[in-house]
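Spelled out from the first residue to the last, the chains are:
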Amino acid sequence: MVKVVYISVVCCLLIACSDKSKSVLFPETVQLSVSSVYTTDIYMRYPYRIRAVDSAIYVMDLHAAEHYIHKLSDEKNMKTIASYGKRGEGPEELLDAENIRLDSEGRLWTLDANRHKLTRWDSCGQKEIDLSPQLLRSLDFALFNDSTFIVPDYTGENRVCIINENGQIVKKLFSIPDKSRHRISPVSLAQAWRSFIDYNRETGILAVVTQLGQVIELYDMKEERLIASINTENGAPRFAEKQGSAIPDGIMGYSDVYVSESAVYALFWGSSFEDIRRGKIKNEGGNRIRVFNTEGIPLKEYILDRYITGFRIDEASGKLLALDVNDDQPIIEYKFETKYEN
């Protein structure tokens with residue numbers, strides 16, 4: 001059975017119909033085939049996020065049995081170097097992990113939404129940061145710098161919050177697109193617009209991609225302004241408004257995003273809730289990587305021969321490392337062109 005990873009403000013979803021909204025048009029579409037399959041010495045239930053630093057790969061297992069994060073050697077036959085984030089309710093254990101990040105010193109960070117904490121590992125051990133009680137259950141984060149963080153705002157008041165090294169909110173920025181035309185509660189609206197984020201500290205560009213739609217928002221965090229809101233009219237999350245709540249009835253949209261210095265890469269699923277409910281979706285994940293420039297102009301769409309849940313891009317080497325949760329050896333690699341016509 002396909003496991004759908006998303007959050008709703010209601011106890012059950014009433015799936016009504018498939019999404020008919022128009023997609024973004026790209027000037028070029030390129031088919032990609034897997035160039036390498038990596039073997040690992042560890043089993044992961046649901047590999048979901050992947051990062052790289054120096055000669056190591058970090059993979060986050062969303063439904064981990066023992067540890068949520070594994071550090072692997074960056075070679076064809078990957079060996080486990082260390083595991084982090086032991087699953088459990090004890091001291092320094094995690095109830096869940098939403099994402100993983102690496103700071104400028106190569107230190108590993110993760111977010112435990114259930115325990116309302118950020119955790120960092122380094123050579124000195126483990127450090128935990130309690131998040132402000134003003135934040136509702138945070139479901140993603142990015143590093144603004146090595147001691148400040150960006151998290152989506154699930155109160156519906158703003159789009160994102162800036163959090164300091166003590167877990168306190170220091171600033172709230174931006175708004176949900178077309179927020180004023182909805183009559184449901186702000187919290188319900190924020191859940192319908194649940195998004196994944198990535199931030200490039202060199203350029204100051206923040207990308208926000210909707211999980212239940214096809215909208216991508218690009219923000220300049222240095223000037224605190226909206227650069228572009230892509231496909232807002234046709235690709236906004238679809239939901240039925242019932243007694244003040246939002247009941248999604250559209251699609252699974254974006255599930256991961258990466259912002260380089262010149263482009264934005266977003267992983268798109270496109271699976272309708274109706275097809276998921278009827279068991280028509282045979283593979284977990286998406287097989288389209290959509291590429292935009294930092295002004296929001298569509299550049300290229302890559303169609304993969306596998307369905308993936310997460311990815312990382314190395315533009316310098318032209319490599320796309322991805323996670324295929326449908327395969328026993330989930331870490332795969334693609335070669336791709338890194339030059340785009342604007």
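Just above, that's the structure.
This one's a predicted model, so the numbers in the text were calculated from it and none came from an experiment.

Asker: Just to check I follow, could you spell out the environment of Ala52 for this structure?
Answerer: Position of Ala52 among the secondary structure elements: in strand β4 (residues 47–53). Once residues lying within four places of it in the same chain are set aside, the contact partners of Ala52 are Ile57, Leu102 and Arg312.

Asker: Could you clarify how one ought to interpret the pattern of salt bridges in this entry?
Answerer: Side-chain pairing between opposite charges can occur once the charged atoms of the two side chains come close. By the definition in use, this model includes 21 salt bridges. A salt bridge links Asp96 to Arg137, with the shortest nitrogen-to-oxygen separation between them at 3.4 Å. Taken together, the positions of Asp96 in the loop between β8 (80–86) and β9 (100–102) and Arg137 in the loop between β12 (125–130) and β13 (142–145) put the pair 41 residues apart, joining distant regions of the chain. Residue Arg101 is joined to Asp140 by a salt bridge in which the shortest nitrogen-to-oxygen separation is 3.9 Å. Note that Arg101 is positioned in strand β9 and Asp140 in the loop between β12 and β13, a separation of 39 residues in sequence. Exposure class is identical for Arg101 and Asp140. Each is buried. The network of salt bridges with common partners includes Asp96, Glu98 and Arg137.

Asker: How should the environment of Tyr334 be read in this particular structure?
Answerer: Along the chain, the position of Tyr334 falls in strand β29 (residues 331–335). C-alpha of Tyr334 to C-alpha of Pro298: the two residues are 36 residues apart in sequence and 21 Å apart in space. With near-sequence residues (within four places) excluded, Tyr334 lies in contact with Leu32, Ser33, Val34, Ser35, Leu304, Asp305, Arg306, Gly318, Lys319 and Leu320. Here Arg306 takes part through its backbone nitrogen, which lies 3.3 Å from a polar atom of the side chain of Tyr334.

Asker: Sorry, what's going on with the packing of aromatic side chains here?
Answerer: Summed over the entire model, instances satisfying the criterion amount to 11 aromatic pairs. Where Tyr84 meets Trp121, the ring centres are 5.6 Å apart and the plane angle is 55 degrees; that geometry is what we call tilted. With Tyr84 in strand β8 and Trp121 in strand β11 (residues 117–122), the pair connects residues that are 37 residues apart, well separated along the chain. For Trp121, a relative accessible area of 10% gives the class buried. When the centroid spacing of 6.2 Å and the interplanar angle of 85 degrees are considered together, the rings of Tyr265 and Phe336 count as edge-to-face. One end of the pair, Tyr265, is in strand β24 (residues 263–272); the other, Phe336, is in the segment after β29, and 71 residues separate them in sequence. Across the pair, Phe336 and Tyr265 agree in class, each one buried. Residue placement shows Arg290 over the ring face of Phe268; its charged tip is 3.8 Å from the ring centre.

Asker: In this structure, what is going on with the environment of Glu223? I would like to understand it.
Answerer: By secondary structure assignment, the location of Glu223 is in the loop between β19 (216–220) and β20 (225–230). In sequence terms Glu223 and Ile205 are 18 residues apart; their C-alpha atoms lie 9.9 Å from each other. Within the local environment of Glu223, its side chain forms a polar contact with the side chain of Arg225, the two groups lying 2.9 Å apart.

Asker: Teacher, can you tell me more about unusual backbone geometry here?
Answerer: Most peptide bonds take the trans configuration, and most residues that are not glycine carry a negative phi. At Glu224, a position not held by glycine, the phi torsion is positive, near 55 degrees. With respect to the secondary-structure elements, Glu224 resides in the loop between β19 and β20. Residue classification places Glu224 among the partly exposed residues on the basis of a relative accessible area of 37%. Notably, Asn231 is not glycine yet its phi reads approximately 65 degrees, a positive angle. Structurally, the position occupied by Asn231 is in the loop between β20 and α2 (232–235). What makes Asn231 buried here is its relative accessible area of 15%.

Asker: Can you walk me through the pairing of strand β17 (residues 195–200) in this structure?
Answerer: Two faces, one strand: in a regular strand the side chains alternate between the faces of the sheet. Burial analysis of β17 places 6 of its 6 residues in the buried class, the great majority of the element. Judged by which residues are buried, β17 turns out to be covered on both faces: Ser195, Ile197 and Tyr199 on one side and Phe196, Asp198 and Asn200 on the other are all buried. The hairpin turn running from β17 into strand β18 (residues 205–210), its antiparallel successor, is 4 residues long, and Gly204 in that turn takes a positive phi close to 80 degrees.

Asker: Looking at this structure, I do not really get the sheet that holds β29. What am I missing?
Answerer: Strand pairing in a sheet relies on backbone hydrogen bonds. The paired strands run either parallel or antiparallel. Taken together, 4 strands build an open sheet; the order of strands is β2-β29-β28-β27 and the sheet is antiparallel. Unpaired on one side and paired on the other, β2 (36–37) and β27 (310–314) mark the two borders of the sheet. Looking at chain direction, β27 and strand β28 (residues 319–323) are connected through 5 bridges and run antiparallel. Bridging from a neighbouring strand, Arg312 pairs with Leu321 of β28.

Calculation notes
The residue count restarts for each chain, going from 1 along the sequence in the order it is written. A pLDDT threshold of at least 70 governs which residues receive local features in this predicted model, and a stricter bar of 80 or more applies before side-chain atom pairs are shown or counted, although totals over entire chains, interfaces and linings include all residues. Hydrogens and water are ignored here; the side-chain numbers use all heavy atoms of the structure. Strands here are runs of E lasting at least two residues and helices are runs of H or I lasting at least four, both read from the DSSP assignment and numbered beginning at the N terminus. Whether two residues are in contact is decided by their heavy atoms, any of which lying within 4.5 Å being enough. Here a salt bridge means any side-chain nitrogen of Lys or Arg lying within 4 Å of a carboxyl oxygen belonging to Asp or Glu. Burial status follows relative accessibility: with a 1.4 Å probe on protein chains alone, a residue under 20% of its type maximum counts as buried, one over 50% as exposed, and anything between as partly exposed. Pairing of N or O atoms within 3.5 Å defines a polar contact, subject to two protein rules: one partner must be a possible hydrogen donor and the other a possible acceptor, and residues neighboring in sequence count only if both atoms are side-chain atoms. Each Phe, Tyr or Trp ring, with Trp reduced to its six-membered ring, pairs with another whose centre is within 6.5 Å; inter-plane angles below 30 degrees give stacked pairs, above 60 give edge-to-face pairs, and intermediate values give tilted ones. Comment: the charge-over-ring label is applied if NZ (Lys) or CZ (Arg) is within 6 Å of the ring centre and within 35 degrees of the ring normal. Strands were regarded as paired on the criterion that DSSP finds at least two bridges between them.

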